[in-house]
Each structure stands twice: as structure tokens, then as C-alpha cells.
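The primary structure of each chain is shown beneath.
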Amino acid sequence: MAVEEDEAIKAASETIVEETDLGYQVFNAPDEAVLDQHDTDRIPRFDVTQEMLLESEDPESWLMFGNNYEGHRYTTADVITKDNVGELELEYEMTVGANSSMEGSPIVVPGDPPIMYQANGPSHVKAIDAREGEVLWSYTYPAPEDAVLCCDDNNRGVAVYEDKIYMTSLDSGVQALDRYTGEELWYTSTEDYKDGYSSTWAPIVYDGKLFTGSAGGEYGVRGFHCALDAETGDELWRMRTCPEEEWVGESFKQSGGTNWMTPTLDTERELLYFNVGNPSPDFNGTVRPGPNRNTCGTVAVDIHTGELQWAHQESSHDIWDYDAGMMRMLLRDIEVPHRDYEGDVVYSAGKTSWSYVVEPETGDLLVRGEPITQQINFQEMVPHVDEEREYVMLPGLLGGQDWQPASYNPETGLCYHKTLNTPHSVKWRNEEYKPGEKFWGGIVDVEPDEEDIPDEYNGHISAIAAVDPTTGQVVWRDWIDSDRYLWGGTMSTATGLLFAGTQNGNMVAYDAENGDRLWEFDLSEKAISGDPVSWYDPGTEKQYIAIQVGGSGFVGRGPRGDRLAVFSLGA
């Protein structure tokens, strides 16, 4: 069946996403959910067990956003090596139909054939025969037109557990779908989207609990994280990221502090580690005195109760929108010689452009790495709009390291980042809070006048870089220039390769040890905003690599696209 004839894909493709005064909004969405089923009997019938989710070493699967609970984005599939990566070929391409935000990571369930679950904005998911590239069912959720989104209609992926897959939706909801048929089994709203709450990330499931967060910090919402019963959708616990007793006055009510990326899970300590975003309003800190505890950093939370264990803040009382976006990574058995430390660590990098290594049981900082990009006019006082002083900061409000999922290779011991080196101009102003309206407390110029940009700026807009977490040193860096921002994530392999897409439409394979480019493939003129994933199919004896191709709407991330590209190489 042609993709154009699929009713759910058609509904997604006819949904229009436009930037309005309130932010991004969807129009012409269907009135109710649309499901189209095709050859669903081709989906092998077996539960995805908890044991399978724990076996991240399985080269035949990619079962969650980061491919393991630790967020490594690392595959043990070993067919593609440094010696033969030059022979990597495009196996197939397909049009996914939405022409929307393409920031996601597909997941792959092993079997004969392997089944890929691919999601994109706005709130669309499909099951695909990963071997043949054929759609088996597709589903479009009816995103409401009065939902408001600061930064495009993203959907970055789904979770799988037993006979279900789980998807967040733009109205701050979670859907459970039958993974064999695509039929909706339950829906849970986690908050009122009319206040500005939304959901854009891939959730995770562990031991029957689904963990999901909150987005909408640019609308003055109050951040939370919650656990749902994976079978019924009932809420099990909820924790507010910004504690009322530690915020001044009633500023906690519009505290921001959302956590809008996939959490990381420590199965040994039974802790969740997740990013916490900016305080709200973003740039006017005068209405929220104090450190604005827990914003712009990492928190650790008990998976059974939601009780906060510790927090590590990267930018106290932030007024630069340096919220923490990257999925945290848990690294096992790391030595930090200068701190005489050996053990597990929680690793991340921030919009500040520093990397951070903290202890998993206390949150104590072990390493603050050297800047991955430039830091110019960094963390200076932001002027009011009435002042004539032009404040051009670098990193700009997108980072350093924004949400782009990094990867870790235990063989090289390095972490791999896609970063931005882009100056932005910011001023603060007083704004009245109104539910469902932007509450930035300032104005931003993403294209400041050239004469206002500091002379120290090196002119390179972005880079892919490797960081040694034990020292914080940048081991190698590949500057990549364009008139678009570098977006999407990286993936490392057991054979010492690093894969990443660029904003110029190229898929690149690096030698993960030294950053040498070993292979490139020109996919299109569209920016690659998705994250590479990989699996080995014993039925064909090939290793595959898939990536979503297409830009994203918010501030210069390239023209939209709607393609899925799958590469392969035989054993």
C-alpha cells in the first residue's frame, strides 16, 4: 500500500503547524484519533519483557530512546567497522508523511522481521517492517489547536513494554497503543495543556512503571515528573521539581523547572536522573529571587516514591535560559584520578558549554570540564530593554549543549556531543503572567548585528566533539559551519565508530578515537535533526543504521522534511 493512501499518515500530513504570537500551534488536525492498519500479521507476537529492556548488549535491537537505561546510545552490533564503513550503502528510504519536526529516535524490536516504531510531530507513530521499509500500521493523535508550544511540534520517540508502545502527545498526554495493531488502549492527561503544558519526549518504562515529565517552562508552568502504571495509566506518584518551601513568595507557582527530555534510570540504586529546565520567566530574574533551587541542572529521584534525593545546579538563579536539556548518562566504573574517585558517575553537558560529572548517590561535583564551545560575555548581567547596552552572549540561549542526545562509548571511554557556538542578544523586561501565554520576561535576537558580536568569536556555528569524562578535556572537535543550527544526536558503536547527521544534510561516520571522518553520505538539502539508531538483523545478516531526515521549525534548524533513511552493510 502506498504511504499516500494511509489515512493516519494523510491526517498527519494535512495537519499544519505554524508559528503564532502564542508560539507554535497545530491547525487542521483530525477531530479524533486516526488508525490505519495494513499487514499487521507480519508483526511477530511476543512480549517485550523487562529482561529484554535490561539487555542493552543485544545487538539485534534498539529498545528505548538511549538504547539502554543509562542513556549511552551505543550499539554492540559489529558488522560495520572502521575498515569497511566506506562500503555502507543506502538500503531504503521512505517518506513518513508528516513534513513536520523530525527530531526523533526510532526504536527497533527484534524478530522475523524486526519491527521499527517511528514517531514524528505532531503526535504521529507507525509500525514499520524494518527489513523492507513497509508500513504495517500508523496512528495519528488529534493534537488540539489551542495547545501552545515554544519550540515546534516535536515527538522524539516512543517506549515499548510487553504488548504495548507508549507515546507522549502535545497536549501533555500519554497514549498506550497495542503494539501489534496500533489500537489505543488508554490515554492519560498529565496536566492541563491550556496552561501551556505539553509533552514531546520519549518516555521510559521499568518494572511496570512509566516515567514521564513536563514541558512548557516558557509559559510559566510549574515543572513536575510523574510515574504511571504501565498497564492502566493510573498515576502512581508525582514530584514537583521546584519545592514551594525553597522559593520566595509565590514565585513557585510559575517556577518553570520542567524536565522535557527522557529520564535516565539507575537500576542498581533505583534512582531516576533527569534534566531540569530553566526557571520562569527565562530572563527576568527580579521576580524570582534566590537560587531558584533545582532548575538548570540534574535531580535524582526515588523510582518508587518520587522523593527527591539530590540536585546539582549548573546555573543558579539563571537569567540566560541555560536550562539543562541533554538526557543524563550513567557511566559505570569510572576513575577520576585527580579526585581519587572510582565508581559510577552521572554525566551531562549543559548550555553553559561545560560538561559535568557528579556522584550518583550524593550529586557532589567531581569534574567540571573545559568549555566544549566558546564562552564569551558569559553569565554577565542581562540589560533591561530600556538600556542601550547590547548584550551578545556566547553560548547563546540554545547552548553549548542543548537537548541533542549525546552518546558514550565504553571502549574509547569518551562522550560525544553535538554543540552550538552561536551568539544571541538578550534583554530582560517586566511581563505579566497569563496562563497559556509566553512568559519569557525578555526579548531575544537570534541574529544580532555583526558589529555587536565580540571580536573573539571564531565564526564557527557548531561542532561535533568528544569529551573525556574522567578529566573533562575535549579530546577532539570537528567544527561544522552552515546558516542553520546543528541539531539531533550521536550514536557510537562497539567497533569504534561515531555516527551523526549534520545540518547540511550529510550523514557522517567518524573514527571515535580521533575524530577522523571515515565516511560521508549526502542525504538531502534538508537538515538532519534526528538521532541515528542501529541493529543487526540475523535474517539478512546485515547491520542497519536508521535516521530521520528533516529540519525543525524553531530558529534556524533548517527546512522541514519527512524522510526516514536506512543504511545497511552485510556481514
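Keep in mind that this is a model prediction, so the values were computed, not measured.

### Quick notes on the environment of Val-474
Here is step 1 of the chain: Here Val-474 lies in strand S32 (residues 474–480).
Here is step 2 of the chain: Contacts of Val-474, omitting those with residues within four sequence positions, involve Glu-370, Pro-371, Ile-372, Ala-465, Ala-466 and Val-467.

### With respect to the nonpolar core
Here is step 1 of the chain: Judged by nonpolar contacts, the single largest core of 54 residues is most densely connected at Tyr-117, Val-125, Trp-137, Tyr-166, Phe-211 and Leu-272.
Here is step 2 of the chain: A total of four residues in this core trace back to one element, the largest contributor, which is strand S16 (residues 224–229).
Here is step 3 of the chain: Phe-211 has contacts with Pro-203, Ile-204, Tyr-206, His-225, Cys-226, Ala-227, Trp-237, Pro-263, Leu-265, Leu-272 and Ile-303, leaving out every residue within four places of it along the chain.
Here is step 4 of the chain: Counting residues in hydrophobic clusters, the runner-up holds 34 residues, among them Ile-80, Met-116, Ala-546 and Ala-565.

### Describing the packing of aromatic side chains
Here is step 1 of the chain: Counted by the stated rule, this structure contains 19 aromatic pairs.
Here is step 2 of the chain: Relative to Phe-378, the ring of Tyr-322 has its centre 5.8 Å away and its plane inclined at 35 degrees; by these criteria the two rings are tilted. Note that Tyr-322 is positioned in the loop between strand S21 (308–313) and strand S22 (329–336) and Phe-378 in the loop between strand S25 (365–368) and strand S26 (392–393), a separation of 56 residues in sequence. Like Phe-378, Tyr-322 is buried.
Here is step 3 of the chain: Relative to Trp-487, the ring of Trp-403 has its centre 6.1 Å away and its plane inclined at 70 degrees; by these criteria the two rings are edge-to-face. Separated by 84 residues along the polypeptide, Trp-403 in the loop between S26 and strand S27 (407–409) and Trp-487 in the loop between S32 and strand S33 (490–493) bring together distant segments of the chain.
Here is step 4 of the chain: The class of Trp-403 is buried, set by a relative accessible area of 0%.

### What to know about the state of the cysteines
Here is step 1 of the chain: Applying the stated criterion across every chain, the model contains one disulfide.
Here is step 2 of the chain: Residue pairing for Cys-150: its cysteine sulfur links by disulfide to Cys-151, the two sulfurs lying 2.1 Å apart. The sign of the -95 degrees torsion about the S-S bond sets the Cys-150-Cys-151 disulfide as left-handed.
Here is step 3 of the chain: Residue classification places Cys-151 among the partly exposed positions, given a relative accessible area of 21%.
Here is step 4 of the chain: Take Cys-242: it sits in no disulfide, and the sulfur closest to it among the cysteines is that of Cys-296, at 9.4 Å.
Here is step 5 of the chain: By relative accessible area, which is 0% here, Cys-242 ends up buried.

What counts, and at which threshold
Residues numbered from 1 in each chain as written. Predicted model: local features only at pLDDT ≥ 70, side-chain atom pairs only at ≥ 80, totals over all residues. Heavy atoms only, no water. Helix = DSSP H or I, 4+ residues; strand = E, 2+ residues; numbered from the N terminus. Contact = heavy atoms within 4.5 Å. Core = buried A, V, L, I, M, F, W, Y, C linked by side-chain atoms within 4.5 Å. Buried < 20%, exposed > 50% of the residue type's maximum accessible area, 1.4 Å probe, protein only. Phe/Tyr/Trp six-rings, centres within 6.5 Å; stacked < 30°, edge-to-face > 60°. Disulfide = S-S within 2.5 Å.

Any functional reading would require information beyond the geometric quantities listed.
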